[in-house]
Amino acid sequence: MFQRLRGWLKPGDRGRPLEALQVEVTSRCCVRCEMCPHNTLAGRWPETDMAWQTFERIARAFPHAAHVHLQGWGEPLLHPLLFDMIPPAKAAGCQVGLTTNGMSLTADAARRLLDLRLDLLAVSVAGASKETHEGIRVSSSFSQILENVRTLLRLRAERPGGGPKVELSYLMTTSNIAELPQTVDLAASLGVDELYAVNLDYLMTPAHDALRVFDRPPLREQALLAVDEARARARRLGVAFRPYPFDLEEVAVCEAQPPRILFISCEGWVAPCAYLSLPGQSQIPRLFGGQDVMAPAVRFGNILEQELMDIWESPAYVAFRRRFEARLASRTPWAMAAMAARGEGAVSTPEPPEPCRTCYKLYGV
């Protein structure tokens, strides 16, 4: 998400230590997606809106961040005070975005987001057809989502300035990968600014694993053909398109960028990313490499008890980030040249923090 922001939004203040804050304004959602932990943990999943007091505490740190993204494990447009959360971030000089399932993106909501000068709006889809999308994102209306996006783009076109950037986020699964090329056509017909296709990379159950496209040799050729066709259509139609890879390759730092980005839950807990902080859970259940894994939730403090920057600079959080910084340093050209000069073999990359070793984000998908 923030990697994409770099290529489109204005550069942030380089003096700000935080590239972005991801703020989970609610854990509630009006859609029941078959792959979401909200469903799997339904009996233990708190339905919580972030309290305004919690948001105010977070807002004190906005001057230290370049971007603020108002989204976590819930649907942000359900929060009754969402529109009040954007002005403090804009006033602090932050660029502001959110990701939505599109169901609550009414014409009134679109006008308010335009009035507030939102910088980025990503809308999640899971198919190019009603049947496919609604089979994955249960209880959503594909036609309503598309109409809501069209309305937003029409209202945007009537105003000067051209913002916000509007993206379609396509979740690739075994049941919809064949529709990826048609989704490029859909993106072109809507007139969105970009389409990106992401992997289902957080798995909890065998049913989730059956939806996985990446690292699945029998499906690889079909998936690559779908991506190649989508790329060809995107070039022909002038659609910006970015698909995620299907092959596992360990990276020094995952896309969540824990050295520069942090996540704050609706309950006020500060974590390196959303994947290490599920609402109400002290343990993070995962299916990794076909094995059940229980990783500890990683929380470095609560915003209601400490200032955000004090949490960020706490010894435990600094130590966590330095593991990734050491991994990055080991892969610089200078480090590799030094190893070659010493006659050493392959670059030895320091181990990541333990909870990250069984997260597919660390493997580039």
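Here we summarise the structure given alongside this text. Throughout, a residue's number is its position along its own chain's written sequence, starting from 1. The predicted nature of this model means local features are confined to residues of pLDDT at least 70 and side-chain atom pairs, given and counted, to a pLDDT of 80 or more, with totals for whole chains, interfaces and linings taken over all residues. Just so you know, side-chain values use all the structure's heavy atoms and leave hydrogens and water out.

### Focus on the overall build of the chain
Basically, it comes down to this: For helices the rule is a DSSP run of H or I covering at least 4 residues; for strands it is a run of E covering at least 2, with both sets numbered from the N terminus onward. C-alpha atoms define the radius of gyration in this analysis, and the globule rule sets the expected value at 2.2 Å times the number of residues to the power 0.38. For the exposure calls, accessible area comes from a 1.4 Å probe over protein chains only, and a residue counts as buried if that area is under 20% of its type's maximum, exposed if over 50%, partly exposed in between. The contact rule is simple, with two residues in contact once any of their heavy atoms fall within 4.5 Å.
Counting secondary structure elements, the chain contains 13 helices and 14 strands. For a compact globule of 365 residues, the expected C-alpha radius of gyration is about 21 Å, and the chain comes in at 20 Å, within 12% of that figure. Considered along the principal axes of its C-alpha atoms, the chain spans approximately 60 × 50 × 45 Å. Counting only residues that meet the buried cut, the chain has 56% of its 365 residues in that class. Put simply, of all contacts in the chain between residues at least 6 apart along the chain, 72% involve residues at least 24 apart.

### Considering the packing of aromatic side chains
By convention here, two paired aromatic rings are described through the distance between centres and the angle between planes. Here is the rule we go by: When two rings of Phe, Tyr or Trp (its six-membered ring) have centres within 6.5 Å they constitute a pair, described as stacked for plane angles under 30 degrees, edge-to-face for angles over 60, and tilted for the intermediate range.
Per the stated rule, a full pass over the model turns up 12 aromatic pairs. Ring centres 4.2 Å apart and planes at 15° place the aromatic pair Phe300 and Tyr317 in the stacked group. Of this pair, Phe300 sits in the loop between strand E13 (291–296) and strand E14 (301–302) while Tyr317 is found in helix H12 (residues 315–330), placing the two residues 17 residues apart along the sequence. Residues Phe300 and Tyr317 agree in their burial class; the two are buried. Taken together through their ring pairs, the aromatic side chains of Phe300, Trp312, Tyr317, Phe320 and Phe324 make up a single cluster.

### Quick look at the pattern of salt bridges
Rules: When a carboxyl oxygen of Asp or Glu is within 4 Å of a side-chain nitrogen of Lys or Arg, the pair counts as a salt bridge.
Applying the stated criterion across every chain yields a total of 23 salt bridges. A salt bridge links Glu147 to Arg150, with the nearest nitrogen and oxygen atoms 3.9 Å apart. Highlighted residues: Glu147 and Arg150, both in helix H7 (residues 142–157), separated by 3 residues, approximately one helical turn. A salt bridge links Asp209 to Arg212; the shortest N-O distance between them is 2.9 Å. We note that Asp209, like Arg212, is buried. Taken together, the salt bridges that share partners define one network made up of Asp201, Arg242, Glu255 and Lys361.

### Comments concerning the nonpolar core
Formally: Nonpolar cores are built from buried Ala, Val, Leu, Ile, Met, Phe, Trp, Tyr and Cys residues. Side-chain atoms within 4.5 Å join them into one set.
Ranked by internal contacts, the top residues of the largest apolar core, which has 116 residues, are Leu21, Phe62, Leu70, Met172, Leu180 and Leu262. Looking at this core, the element that brings in the most residues is H7, giving 7 residues. In this structure Met172 touches Ile177, Leu180, Ala197, Val198, Asn199, Leu200, Leu211, Val213, Tyr244 and Phe246, once residues within four positions along its chain are discounted.

### Some points on empty space enclosed by the protein
In plain terms, the rule: In this analysis the probe radius is 1.4 Å and the grid spacing 1 Å, with only protein atoms considered; a cavity is a set of points the probe fits into but cannot get out of, a pocket is an open set with protein on both sides within 12 Å along at least five of seven lines, and lining residues have an atom within 4 Å of a point. Grid points are joined across faces, edges and corners, and a volume is the space filled by probe spheres set on the points.
With the rule as written, the count across this model stands at 3 cavities of 30 Å³ or more. The calculated volume of the largest cavity comes to roughly 1000 Å³. Along the walls of the largest cavity sit 41 residues, with Gln71, Gly72, Trp73, Thr99 and Tyr275 positioned nearest its centre. Mapped onto the lining of the largest cavity, the elements with two or more residues apiece are helix H1 (2–6), helix H2 (37–40), strand E4 (95–100), strand E7 (165–172), strand E8 (194–199) and strand E10 (261–264).

### Concerning the packing of helix H5 (residues 107–115) against H7
Put simply, the rule reads: All axes are obtained by fitting lines to C-alpha atoms, using only the stretch in contact for helices, and the reported angles, taken between N-to-C directions, cover 0 to 180 degrees. An angle counts as roughly parallel when it lies under 35 degrees, as roughly antiparallel when it exceeds 145, as roughly perpendicular when it falls between 65 and 115, and as oblique in every other case. By the definition used in this description, the sense in which the near helix is turned from the far one sets the handedness, with an anticlockwise turn below a right angle giving left-handed and a clockwise turn giving right-handed. All residues other than Ala, Val, Leu, Ile, Met, Phe, Trp, Tyr, Cys, Pro, Asp, Glu, Lys and Arg, Gly among them, are scored as polar; the first ten of these are nonpolar and the last four charged.
Between H5 and H7, the least distance of the axes is 9 Å, while the angle of their chain directions is 40°. Here H5 lies oblique to H7, going by the angle between them. Of the two elements, H5 crosses H7, and the hand of that crossing is right-handed. Listed contacts from H7 to Ala107, Ala110, Arg111 and Leu114 of H5 are Thr151, Leu152, Leu155 and Arg156. A breakdown of the residues in the contact of H5 with H7 according to their chemical character gives 5 nonpolar, 1 polar and 2 charged.

### With respect to the side chain of Asp119
Counted only if it meets this: Two N or O atoms form a polar contact when they lie within 3.5 Å of each other; inside protein one atom must be a possible hydrogen donor and the other a possible acceptor, and for residues adjacent in sequence the pair counts only when both atoms belong to side chains.
Relative to the elements of secondary structure, Asp119 occurs in the loop between H5 and strand E5 (120–125). Of the residues examined, Asp119 reaches a relative accessible area of 13% and is grouped as buried. Only 2.9 Å separates the side chain of Asp119 from the side chain of Lys90, close enough to count as a polar contact.

### Some details on helix H8 (residues 180–190)
Taken residue by residue, H8 has Leu180, Pro181, Thr183, Val184, Leu186, Ala187 and Leu190 as its buried positions. For H8, the secondary structure elements touched by its buried residues are H7, E7, E8, helix H10 (217–237) and strand E9 (241–243). Positive backbone phi, at 90°, marks Gly191, one or two positions downstream of H8.

### Some words on unusual backbone geometry
For residues besides glycine, phi is generally negative; the peptide bonds are generally trans as well. With an omega of 0°, the peptide bond between Gly163 and Pro164 qualifies as cis. Topologically, Pro164 is positioned in the loop between H7 and E7. The phi torsion at Arg117 lies on the positive side, around 60°, for a residue other than glycine. For Arg117, a relative accessible area of 53% puts it in the exposed group. Positioned with a positive phi, Gln257 is a non-glycine residue whose angle comes to about 50°.

### So, the pairing of E8
What counts is decided by this rule: Strands qualify as paired when DSSP identifies two bridges or more between them. Viewed with both strands pointing away, a crossover whose connecting path from the first strand over the helix to the second turns clockwise is right-handed.
Taken across its 6 residues, E8 has 6 buried, putting it largely inside the fold. Here E8 shows no split at all, with Glu194, Tyr196 and Val198 on one side and Leu195, Ala197 and Asn199 on the other all buried. As paired strands, E7 and E8 are joined by 6 bridges and run parallel to one another. Bridge pairing in E8 links Glu167 to Glu194. For the crossover from E7 across H8 to E8, the handedness is right-handed. Note: E8 against E9, 3 bridges, orientation parallel.

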